[in-house]
Amino acid sequence: GEQVEQLPSILRVQEGSSASINCTYENSASNYFPWYKQEPGENPKLIIDIRSNMERKQTQGLIVLLDKKAKRFSLHITDTQPGDSAMYFCAASGNYAQGLTFGLGTRVSVFP
Amino acid sequence: DAGVTQTPRHEVAEKGQTIILKCEPVSGHNDLFWYRQTKIQGLELLSYFRSKSLMEDGGAFKDRFKAEMLNSSFSTLKIQPTEPKDSAVYLCASSLGQNTEVFFGKGTRLTVV
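Quick caveat: nothing in here was measured; it's all calculated off a predicted structure.

Asker: Is there a simple way to explain the overall build of chain A in this structure?
Answerer: Scanning chain A from N- to C-terminus turns up zero helices and 11 strands. Listed by position from the N terminus, the elements making up chain A come as β-β-β-β-β-β-β-β-β-β-β. In terms of overall size, chain A behaves like a compact globule, its C-alpha atoms giving a radius of gyration of 13 Å where 112 residues would be expected to give roughly 13 Å. Within chain A, the proportion of its 112 residues that are buried is 46%. Across chain A, contacts joining residues at least 24 apart in sequence account for 53% of those joining residues at least 6 apart. When the accessible area of chain A is evaluated, it comes to approximately 5,500 Å², of which 48% is carbon and sulfur surface. For chain A, the separation between the mean place of its 11 positive charges and that of its 11 negative charges on side chains is 4 Å.

Asker: What should I look at first to understand the sheet that holds strand E8 (residues 72-77) of chain A in this one?
Answerer: Pairing between the strands of a sheet comes from backbone hydrogen bonds, and it takes one of two forms, parallel or antiparallel. All names here are of chain A. In spatial order, the strands read E1-E3-E8-E7-E6; together these five strands make up an open sheet with antiparallel pairing. Each edge of the open sheet carries a strand with a single partner, namely strand E1 (4-7) and strand E6 (56-59). Recorded for the sheet is a direction-independent mean angle of 15 degrees between the axes of neighbouring strands. In the sheet, strand E7 (residues 62-67) pairs with E8 via six bridges, with the strands oriented antiparallel. Bridge pairing links Ile63 to His76 in E8.

Asker: Whenever I open this one, the interface of chain B and chain A confuses me. Can you help?
Answerer: Quoted interface sizes are often the accessible area lost when the parts come together. Counting residues at the interface gives 21 residues for chain B and 19 residues for chain A. Buried surface at the junction of chain B and chain A, both sides included, amounts to about 1,700 Å², of which 50% is carbon and sulfur. The largest per-residue losses of area from chain B upon contact with chain A belong to Leu43, Asn99 and Phe104 of chain B, which jointly make up 32% of the total buried on that side. In this structure, Glu42 of chain A engages Lys106 of chain B in a salt bridge whose closest nitrogen and oxygen atoms are separated by 3.3 Å. Across the chain B-chain A interface, the total number found is eight residue pairs in polar contact (both at pLDDT 80 or more). Elements with a minimum of two residues in the side of chain B that touches chain A: strand E4 (31-38), strand E5 (42-50) and strand E6 (53-56) of chain B. At five residues, E5 of chain B tops the list of elements feeding residues into the side of chain B that touches chain A. Partitioned by chemical class, the residues of the side of chain B that touches chain A number 10 nonpolar, seven polar and four charged.

Asker: Looking at this model, I keep getting lost on the pattern of salt bridges. Mind explaining?
Answerer: Between side chains of opposite charge, a pair can form when the charged atoms approach closely. Residues and elements named next belong to chain B. Overall, the coordinates contain 10 salt bridges over all chains when judged by the stated rule. Between Arg64 and Asp86 there is a salt bridge, and its shortest N-O distance comes to 2.6 Å. With a gap of 22 residues between them, Arg64 in the loop between E6 and strand E7 (65-71) and Asp86 in the loop between strand E8 (74-79) and strand E9 (88-95) connect regions that are remote in the sequence. Across this residue pair, the class does not change: Arg64 and Asp86 are buried. One network of salt bridges, with partners in common, ties together Arg36, Glu44, Arg64, Glu83, Lys85 and Asp86.

Asker: Before we go on, may I ask you to explain the pairing of E6 of chain B in this structure?
Answerer: Looking along a regular strand, one sees the side chains alternate between the two faces of the sheet. Residues and elements named next belong to chain B. The pairing of E5 with E6 spans three bridges and is antiparallel. By the bridge assignment for E6, Tyr48 is matched with Glu56. From the end of E5 to the start of E6, which pair antiparallel, there are two residues, and Ser51 there has a positive phi angle of about 50 degrees.

Asker: Quick question: what am I supposed to make of the sheet that holds E7 of chain B here?
Answerer: All names here are of chain B. Pairing in this open sheet of four strands is antiparallel, and the strands run E1-E3-E8-E7 from one edge to the other. The sheet terminates laterally at strand E1 (5-7) and E7, the two strands that pair on one side only. Averaged over all pairs of adjacent strands, the angle between strand axes in this sheet comes to 20 degrees, irrespective of strand direction. Sheet topology places E1 next to strand E3 (residues 19-24); three bridges connect them, and they run antiparallel. Across the sheet, residue Gln6 finds its bridge partner in E3, namely Cys23.

Reading the values: rules and limits
- Residues numbered from 1 in each chain as written.
- Chains lettered and ligands numbered in written order.
- Predicted model: local features only at pLDDT ≥ 70, side-chain atom pairs only at ≥ 80, totals over all residues.
- Heavy atoms only, no water.
- Helix = DSSP H or I, 4+ residues; strand = E, 2+ residues; numbered from the N terminus.
- Rg over C-alpha atoms; globule rule 2.2 N^0.38 Å.
- Buried < 20%, exposed > 50% of the residue type's maximum accessible area, 1.4 Å probe, protein only.
- Contact = heavy atoms within 4.5 Å.
- Areas by Shrake-Rupley, 256 points an atom, 1.4 Å probe, with all protein chains shown as cover.
- Lys, Arg positive; Asp, Glu negative; His and termini not counted.
- Charge placed at Lys NZ, Arg CZ, Asp CG, Glu CD.
- Pairing = 2+ DSSP bridges.
- Axes fitted to C-alpha atoms, helices over the stretch in contact; angles between N-to-C directions.
- Buried area = accessible area lost by both parts, 1.4 Å probe.
- Salt bridge = Lys/Arg side-chain N within 4 Å of Asp/Glu carboxyl O.
- Polar contact = N/O pair within 3.5 Å; in protein donor to acceptor, adjacent residues only side chain to side chain.
- Nonpolar A, V, L, I, M, F, W, Y, C, P; charged D, E, K, R; others polar.

Below you can see the structure in the form of structure tokens.
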């Protein structure tokens, strides 16, 4: 299977600063790494993903980095805003016959 | 386009009861997932179907949890018998295929008393 560790579990950042979340995985066959944002009372929604043929991807204030050798990937939220306050989940694809394995989540709180 | 539809949104069951949760995936999606979400364990995979074939049945959840997909547009998750520790949000999700965006439903909040 696949195991995904996500840290930190709680992250408080000041508005305008950056927030970083780190994940590690075990299965070297994993080749797809999405990030999901879940707001209170809502379902998780994809915000950015990266595949194993890339090391970096950026979109709308989000940067994802992937280090395949270290089996580590990370999400960086630049210029955080109150709307960025939410739960964030990383995930890894595992083998062909597996569903996504998720990390336990990071609760991000952006304060003024 | 309709997203993933789950019913009911809320379910209260007594310990020992059988409950059935329902899910309609996004039309045209080939992969369907059932996840259980709790604050302690996060998102745990219960079942995974690809083109209606069961790919993964969630290991530890096998004994009382049974997911079925009788056709490409409908899936059920049966919990029999329910236990208080089953209280959680059950999320159904679907995707076009491997390594594509997974769309989640709004979930069923199950409370077992």
